[in-house]
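# Understanding the architecture of this molecule
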Amino acid sequence: MKNTPALTLHIPEPKYRPGDTPDFSDLKLSEAGAVRRPDIAVEPHEIHDLAFTLIRVLDDKSQAVGPWDPKLDIDTLKRGLRAMMLTRVYDDRMYRAQRQGKTSFYMKCLGEEAVAVAQAMALDRDDMCFPTYRQQGLLIARDYPLLDMMCQVYSNERDPLKGRQLPVMYSSKEFGFFSISGNLGTQFSQAVGWAMASAYKNGDRIAAAWIGDGSTAEGDFHHALTFAAVYRAPVLLNVVNNQWAISSYHGIAGGERSTFASRAIGYGIPGLRVDGNDFLAVYAATQWAADRARMNLGPTVLELYTYRAEGHSTSDDPTQYRPADEPGGWPLGDPVNRLTKHLVARGAWSEAEHKALTDELTEQVKAIGKEAEKYGTLGNSTLPSVKTMFEDVYKEVPWHLRKQRQELGV
Amino acid sequence: MAQMNMIQALNSAMDVMLDRDPDVLVFGEDVGYFGGVFRATEGLQKKHGLKRCFDTPIGEGGIIAVAIGMGAYGLRPCVEIQFADYIYPAFDQLVSEAARLRYRSAGDFWAPLTVRTPYGGGIFGGQTHSQSPEALFTHVAGLTTVIPSNPYDAKGLLIAAIENDDPVIFLEPKRIYNGPFDGHHDRPVSPWSKHPESEVPEGYYTVELGKAAQVREGKDVTVLAYGTMVHVAKAAVDDSKIDADILDLRTLLPLDIGAIVKSVQKTGRCVIVHEATRTSGFGAELAALVQEHCFYHLEAPIERVTGWDTPYPHAFEWDYFPGPKRIGDALRKVMEV
Ligand SMILES: Cc1ncc(C[n+]2csc(CCOP(=O)(O)OP(=O)(O)O)c2C)c(N)n1
Ligand SMILES: [Mg+2]
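Residues numbered from 1 in each chain as written. Chains lettered and ligands numbered in written order. Predicted model: local features only at pLDDT ≥ 70, side-chain atom pairs only at ≥ 80, totals over all residues. Heavy atoms only, no water.

## Some details on the pattern of salt bridges
Put simply, the test is: Salt bridge, as used here, is a side-chain nitrogen of Lys or Arg placed within 4 Å of a carboxyl oxygen of Asp or Glu. We call a residue buried when its accessible area falls under 20% of the maximum for its residue type, exposed when it is over 50%, and partly exposed in between, using a 1.4 Å probe and counting protein chains only. Segments assigned H or I by DSSP are reported as helices when at least four residues long, segments assigned E as strands when at least two residues long, and all are numbered from the N terminus.
In this structure the tally under the stated criterion is 42 salt bridges over all chains. One salt bridge connects Arg-308 of chain A with Asp-316 of chain A, and the closest N-O pair in it is separated by 3.6 Å. Residue class for Arg-308 of chain A comes out buried when judged on its relative accessible area of 1%. Measuring nitrogen to oxygen at the nearest pair gives 3.0 Å for the salt bridge that ties Arg-216 of chain B to Asp-243 of chain B. Here Arg-216 of chain B is found in strand β9 (residues 213–216), whereas its partner Asp-243 of chain B is found in the loop between α8 (228–239) and β11 (244–248), with 27 residues between them in sequence. For Arg-216 of chain B, a relative accessible area of 24% corresponds to the partly exposed category.

What follows is the structure, encoded as structure tokens:
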């Protein structure tokens, strides 16, 4: 016998399951304003600590404090609030539309609106985004037409993607929004290639990519960090840690022993960990990383620490695997709420204005929704022409697809 | 005997094997506490413990790689890839590693893993929840590819797969998990409970790998199908006046060539049906084999009814799906010759 204990297999388990009372009091959350803000030219090895703290700007009194305060003017803040609220209202309507059988599938980003909206606003309008299915806020913040988004979700005759893609898998080169793939992680590394191309062409546009906490387990995540580090690519590599990947908690993705931001350290990339429900913190950290990329200082990994307040998708029931009241207990609150309170604290916003804006956005989405439905809903409409099914497989339709199209009789 | 739908039958197969063999492990994305997005592993963690049935990181390459390593140690992992559309990150581990381990080590190492994965369309899953990649696996020397079409076979084949000492790709037609879909999407679906194949023994039994099943006896034409398409083909035959011999292949590789030859020599005609894209699909292999073995018995060119050579388009589910009408057309066409 060897003089060592018998080996045992470790399987991570979340602390709370349905029926338990969630308690987040042992989460280590930095105080707002407490984390230092290094110069963008800092050497990555000098800021390893930033991968383990949490950059926060909004304090308990809804004041913006500390070195990461981006000092945004009221107008910008109001635009951010509006885009986040619009995202939420839009999500609500499309979620209900799925429930009413108007489409096959939908995914909300409830509780994570600050991630996409603040990041879109901190980036330049022509920077290229490689999002996941939970960054619809990027399109909304860039004023992409809601009508087109809805028609995509309905796969109807006006669908810009011609009925080919699952709902929410938007694409728009014009709006700097790369076509979303259903396969997790694949675009994270592609963003690095886009950024390398921009550098090769001596351009001034940078790239940003998003990935979920769960999907960091895919090889593509590691390809992205390796290539970005090696070629010092001008790219933001964002990990949206919303604590859950369908039913598996962040510990199954490797979040039990270390943070997702700390993945950057081994690659020699700066890794920042940011309160993802704090609009100002997300904005500031994004700006820092974008400035670095623009100054040829290379990639940054940002962990946006947030919480998926809804089910994974319309196909999911989260009460099967986590306490029903876990979302409500999330200690970092709600991003819309927190920005609203900040604006109120600055004397720039009132309950009446908030209500008026809510009503306005609800009406706006409702009206656009009605218009979208005029073009049809899934399975109950004029679809795009069936002929188009055979197009874009290749640039030109080859003989065998022409033949198959004839066989189908279209 | 118990009445089971396909999910329950698969669940029962894993349950039986977890009970019988302490070296069997079940793991994959969301399969542990939650029991899988299609519920195939529901209750297994609770019954057999955290270490026998657990969640994995979202890394299909990792899932297959650790299953190979475990297999090399002597375990018998049965893993789930959440959708066949997501198996590609594991392709290298399957093709270059699992499939060849026995060969390259001259029998020194092998990897007895079973890879369960839902495949196929008919659920409005769009491009990335609808694919039928079976031909990618039948093209690889060293892999066994199995596709059941009903609860009884699903359980017996899965147990046989888990007990098999070589890697098995076990593709599950997700459209028929809850009931046999006949391709008439506008008609109500009947649940498995109305079908005799839903009578499933509760305990251990196997359905031998490599054996096709005769679904319908006929003399006019042989229809070769597997998975969901067995039921669609049957509906198409029922709708026609053609007396078809329908074979459910069940194992694509190694293939039951004897059953195919016997049938085609009897009928002299052959229609091959699969949902996967046509070019280089498994139907091409079947057509080649049929003409190799039955050329002098054939009275008409072999017909293939398949998905089109495009990605699976969300809005055009039923234009893409090779439904009963297209199969009926092919049956009539071979009969006209
Ligand atoms: C390669 C691949 N594997 C599995 C899936 C199935 N799947 C879709 S979303 C998801 C969970 C992703 O979780 P996370 O990355 O944390 O993102 P979140 O949904 O939380 O935003 C899984 C497993 C997939 N789409 N692609
Ligand atoms: Mg997640």
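## Looking at helix α11 (residues 399–408) of chain A
Since one α-helical turn is 3.6 residues long, residues separated by three or four positions face the same way. All names here are of chain A. Note the threshold: Each direction from the helix axis to a C-beta atom contributes to the arc, which is the arc of those directions.
Residues of α11 that are buried: His-400, Leu-401, Gln-404 and Arg-405. With its buried residues spanning 140° around the axis, α11 presents them on a single face. Residues Trp-399 and Gln-406 are exposed on α11 and point more than 90 degrees away from its buried face. A positive phi of about 80° marks Gly-409, the residue just after α11.

## Focus on the coordination of the magnesium ion (ligand 2)
All names here are of chain A. Which entries qualify depends on this criterion: Water is absent from the atoms considered, so a metal site may look incomplete; donors are defined as N, O and S atoms within 2.8 Å of the metal, or 3.2 Å for Na, K and Ca.
Protein coordination of the magnesium ion (ligand 2) is provided by Asp-213 (OD), Asn-242 (OD1) and Trp-244 (O), with donor distances spanning 2.0 to 2.1 Å. The sequence motif formed by the donor residues of the magnesium ion (ligand 2) is D-x28-N-x1-W. Of this pair, Asp-213 sits in the loop between β2 (207–212) and α6 (219–230) while Trp-244 sits in strand β4 (residues 244–245), placing them 31 residues apart in sequence.

## Looking at the site of ligand 1
We count it as follows: Any residue with at least one heavy atom within 4 Å of a molecule or strand is counted as near it. Pairing of N or O atoms within 3.5 Å defines a polar contact, subject to two protein rules: one partner must be a possible hydrogen donor and the other a possible acceptor, and residues neighboring in sequence count only if both atoms are side-chain atoms. We get accessible surface area from the Shrake-Rupley algorithm with a probe of 1.4 Å; when it comes to residues, only the shown protein chains can shield them. Residue polarity follows a fixed list, in which Ala, Val, Leu, Ile, Met, Phe, Trp, Tyr, Cys and Pro are nonpolar, Asp, Glu, Lys and Arg are charged, and the others, Gly among them, are polar.
Close to ligand 1 lie 20 residues, the nearest being Tyr-133, Arg-134, Asp-213 and Ser-215 of chain A together with Glu-60 of chain B. Neighbouring residues of ligand 1 are not confined to one chain but are distributed across chains A and B. Taking Tyr-133 of chain A, its side chain carries an N or O atom lying 2.6 Å from an oxygen atom of ligand 1. Between ligand 1 and Glu-60 of chain B there is a distance of 2.5 Å, counted from a nitrogen atom to a side-chain nitrogen or oxygen. Protein coverage of the free-state accessible area of ligand 1, which is 590 Å², stands at 96%. Along the lines of polarity and charge, the residues of the shell around ligand 1 split into seven nonpolar, eight polar and five charged.

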